[in-house]
Amino acid sequence: MDTIMALVVGTLYATALYMMLRRSIIKLVIGLILLSNAANLLIFTAAGLTTGAPPLVPDGASAPVGAVADPLAQALILTAIVISFGVLAFAVVLIHRAYEIVKVDDMDQMKDTDT
Amino acid sequence: MLLAVLSGFLLAFVAPWLARAAGRYSGWLLALLPAGLTFWFASFLPEVAAHGSILFEYPWVPGLDVGLTFYLDGLSLLFALLISGIGTFIVIYAGGYLADHPDLRRFYVVILAFMASMLGLVLSSNLIALFVFWELTSITSYLLIGFDHEDEKARKAALQGLIVTVGGGLALMAGFVLLAMAGGSYELAELLHEGDAIRDHALYLPLLLLILFGAFTKSAQVPFHFWLPNAMAAPTPVSAYLHSATMVKAGVYLLARLNPSLGGTDAWLLLLSLFGALTMFTGAVMAIRSTGVKRMLAYSTVMALGTLTLLIGLGTPTAAAAAVTFLLAHSLYKGALFLIAGILDHETGCKDFRDLGGLRGKLPVTAAVAALAALSLAGILPLFGFVAKELLFESVIGAPWIVVAPVTLLALASAVLIVAAAAVVGIRPYFGPTVPTPKHPHEAPPALLAGPVTLAALGLLFGLYPALAEHQILAAAARAVHGAPVELNLALWHGFNLPLLMSLVSLGLGLWVFSRWEFVRARFDRHLEPRERFGPERGYELFMEGIVRISDWQTRLLQNGYLRYYILTIVITLVALTGYTLLTRYPVVPTPNLAGIEIHLLAVALMTVLAALFAIITHSRLGAVALLGAVGFGVALVFILFSAPDVGITQVLVETLTVILLVLVIFRLPGMYALSRPRARYRDSGVAVALGGLLVWLLLLIQETRFFPSISAYFIENSQPLAHGRNIVNVILVDFRALDTLGEITVLALAAVGVYAMIKLRAEDRQK
């Protein structure tokens, strides 16, 4: 299953990069969303995939019984998900505002700082 | 010793206030420090003459094994005495020369800092410390050449000097690192005994060339000599101090210092003696061509620096003796002559020999001192310059056969021209018809005369009693340069021999050249002027223009203003570097791990991939949003299926919010049009696939090998006992890594403020 997940991560990265290289500004946003999903999944897969053993300590015990999934990677991704949403919200509003002012969606025509 | 080196910096800090308090006598007051240092250094003379060297050690960065060590032997003591001794007179002189200058106090700060740097340079035993002081002298020199910063010429000259010497400094740094690798130490005191190991090391030639590059730029050797005459834009005390007596000799000092470690090879002999001889001759020719007082002196300094390099390169005991003798003689007479040039400028307002004449009645002391110093420059009995010149001729005659012919000829020719230049310097302004000058000339005040009188008198004293200089310092200095004891036998009169004959010839021819100065200059000008377009100074200008052009080109290339090209550059670099490293360093093919594939997992994976692929080809904005939602929920399912329930829940929530946000905004945004050309799309898909492939490969490799255990074990074990939490992920977020979470909250808050501000601003725009 690890190999399959690696392929999923690779595909997400490739699609994200392709979208970020487009000239249309909305495609840049789509690329950004795909990229954050890809990065989260990358960390998750790199830490190792475990089924049926969430990192929880059972009642009355001081440590989990047996091997559990890597809690550190999950904590990192939790942080990353929330931050990427914040960044995405900011980017979407920024792009919307830029489009309102310059009235173009082609990034090649947004080269000048003067409008 | 540490205090002695650093006292100049300390005084520099308080100099402005002291100078203000002392008023007219500020120069005399501040000169107390260099004068005190001179006497303090002089107190080491007997010990150094008897034992050879003293080592002072202070810890600096003990953790890195970098110490501040000072090495005092004949050579460094000679330099330290010259620096502090001449420094004393320079500070006194500056007090008078720049008395009315509004920036006199700034001048004191920089010149004292320079003096301290120079002392550090010649006394440091640690190569790193030496390099730091070396660069400090370049920087202070820059500030002093550009002292009249409102004058464009001065600024340009300062920059030129800085770029040439600091460029050499970079090479020197690299050379030092190689030297330390070859010699096994950063301490000069140890490197001096590692000569054989260094000379046989494979890195010898590269490190020699790098160090020579540094030394040659600093000491204005051909082809880097052009910056020195331009540096004469500095006030005269600076020219006398930095650009004749001390800083430009730093390169020579380094060569002399490293002679026992690096010298004695054919490369050393050829490079130093030929570059030195060429510099000597170039300096002499340019000196006789110049008419500006300071310019002529500057070129004669170039000549002297070439002579010193030549002598160090020859490597014979006589040459070592000649080098230290010439060094002392030159500092004495050239310092005096520069200070006199300043007096002439100060008292008459003239800077050119052609505007000066018949001043001996008005400036009797100056004229007498100038005559003494010029006699020493020409090398005439009974001055110290004569002793040095005899030794110089003796050294070139006794040079190794391979270089003897060119260096003897060049030395004789240079001597002829320098005798002529000395005659111009010593005779021209004071004799002949009186020429009217812009200022009414009168004798200089004591502050200006103290330096030249003392220096010229010392030149006469050492000429009459050369044994005095020899026993006190020169024998020890020559031993330090040569690496073994040297018999000096300095004397005015050695009987009738070849050096004396050469001296007489140079004197006769030199006086003839002086009598026909205008004619000789015209001949030189006719032959040399057309060629100057191709000279090294033009090379410097082309180099600077080239730098501007290249930076222009690379800025256009890298800062092109297209986001996608920035991303492309970064990604291609990443893929190429990582891919290359993987192929060459870690050629392992990972085995696919297909264990544990279940149909529902496969379905989720397939859905995510298909949704992502369709998201990039669709032209419908709403369709893209829906597909992105599918990708997000697919990822959430992966989290949930692989034991990360909290992450999964968060992902579902955030994904829902994202979709809502996009749906709200998407129809206010432009449509999705294909703007790129097909070629660009093929290129981008290629790069995208390469990045995806690289990441797949890396992930597979990571899953096979763990190079070190994860730190997660600590969190798993201590979550309950230490933090009393059963959900380990939550405990990490709010307890173990709580600061990270605080950072996350801050980012979110900033993003929220940004979003709010952008919406709010729009509202205000509409109101207008």
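Calculation rules
- Residues numbered from 1 in each chain as written.
- Chains lettered and ligands numbered in written order.
- Predicted model: local features only at pLDDT ≥ 70, side-chain atom pairs only at ≥ 80, totals over all residues.
- Heavy atoms only, no water.
- Helix = DSSP H or I, 4+ residues; strand = E, 2+ residues; numbered from the N terminus.
- Rg over C-alpha atoms; globule rule 2.2 N^0.38 Å.
- Buried < 20%, exposed > 50% of the residue type's maximum accessible area, 1.4 Å probe, protein only.
- Contact = heavy atoms within 4.5 Å.
- Areas by Shrake-Rupley, 256 points an atom, 1.4 Å probe, with all protein chains shown as cover.
- Lys, Arg positive; Asp, Glu negative; His and termini not counted.
- Charge placed at Lys NZ, Arg CZ, Asp CG, Glu CD.
- 1 Å grid on protein atoms, 1.4 Å probe; cavity = no way out; pocket = protein on both sides within 12 Å on 5 of 7 lines; lining within 4 Å.
- Points joined across faces, edges and corners; volume = space filled by probe spheres on them.
- Nonpolar A, V, L, I, M, F, W, Y, C, P; charged D, E, K, R; others polar.
- Salt bridge = Lys/Arg side-chain N within 4 Å of Asp/Glu carboxyl O.

(A) Molecular detail of the overall build of chain B. Counting its regular elements, chain B contains 33 helices and two strands. Taken over the C-alpha trace, chain B has a radius of gyration of 36 Å; the compact-globule value for 768 residues is 27 Å, which it surpasses by more than 25%. Across its three principal directions, the C-alpha atoms of chain B cover 110 × 70 × 55 Å. Looking at chain B residue by residue over its 768 residues, the buried ones come to 54%. A separation of at least 24 residues holds for 79% of the contacts in chain B among residues at least 6 apart in sequence. For chain B, the accessible area works out to roughly 33700 Å², and carbon and sulfur atoms hold 69% of it. In chain B, 47 positive and 45 negative side-chain charges are present, and the distance between their average locations comes to 12 Å.

(B) Representation of empty space enclosed by the protein. Residue and element names in this part refer to chain B. Per the stated rule, a full pass over the model turns up seven cavities of 30 Å³ or more. Computed from the structure, the largest cavity encloses a volume of approximately 130 Å³. For the lining of the largest cavity, the secondary-structure elements that each account for two or more residues are α17 (317–348), α18 (364–378), α19 (384–397) and α20 (401–427). For the lining of the largest cavity, the leading source of residues is α20, giving five residues. Taken together, the residues of the lining of the largest cavity sort by class into eleven nonpolar, four polar and one charged.

(C) The arrangement of the side chain of T236 of chain B in detail. Residue and element names in this part refer to chain B. Within the secondary structure layout, T236 lies in helix α13 (residues 236–245). Assessed through its relative accessible area of 2%, T236 is described here as buried. Those residues in contact with T236 that sit more than four places away from it in its chain are Y93, Y97, K294, F338 and G342.

(D) Region of interest: unusual backbone geometry. All names here are of chain B. Note the cis peptide between V222 and P223, where omega equals 5°. In this fold, P223 is placed in the loop between α11 (204–218) and α12 (227–230). The step from L381 to P382 runs through a cis peptide bond, and the omega angle for that step is -5°. Mapped onto the elements, P382 comes out in the loop between α18 and α19. Unusually for a residue other than glycine, A220 sits at a positive phi of about 50°. Along the chain, the position of A220 falls in the loop between α11 and α12. Assessed through its relative accessible area of 0%, A220 is described here as buried.

(E) Region of the structure containing the pattern of salt bridges. A full pass over the atoms with the stated rule returns 14 salt bridges over all chains. A salt bridge links D525 of chain B to R289 of chain B; the nearest nitrogen and oxygen atoms lie 2.8 Å apart. One end of the pair, D525 of chain B, is in helix α24 (residues 517–528); the other, R289 of chain B, is in helix α15 (residues 266–289), with 236 residues separating them in the sequence. As far as the burial class goes, D525 of chain B and R289 of chain B line up, both buried. A salt bridge links D352 of chain B to R354 of chain B, with the shortest nitrogen-to-oxygen separation between them at 3.2 Å. Linked by salt bridges that have partners in common, R22 of chain A together with R683 and D684 of chain B make up one network.

By themselves, these observations are geometric and do not establish any function.
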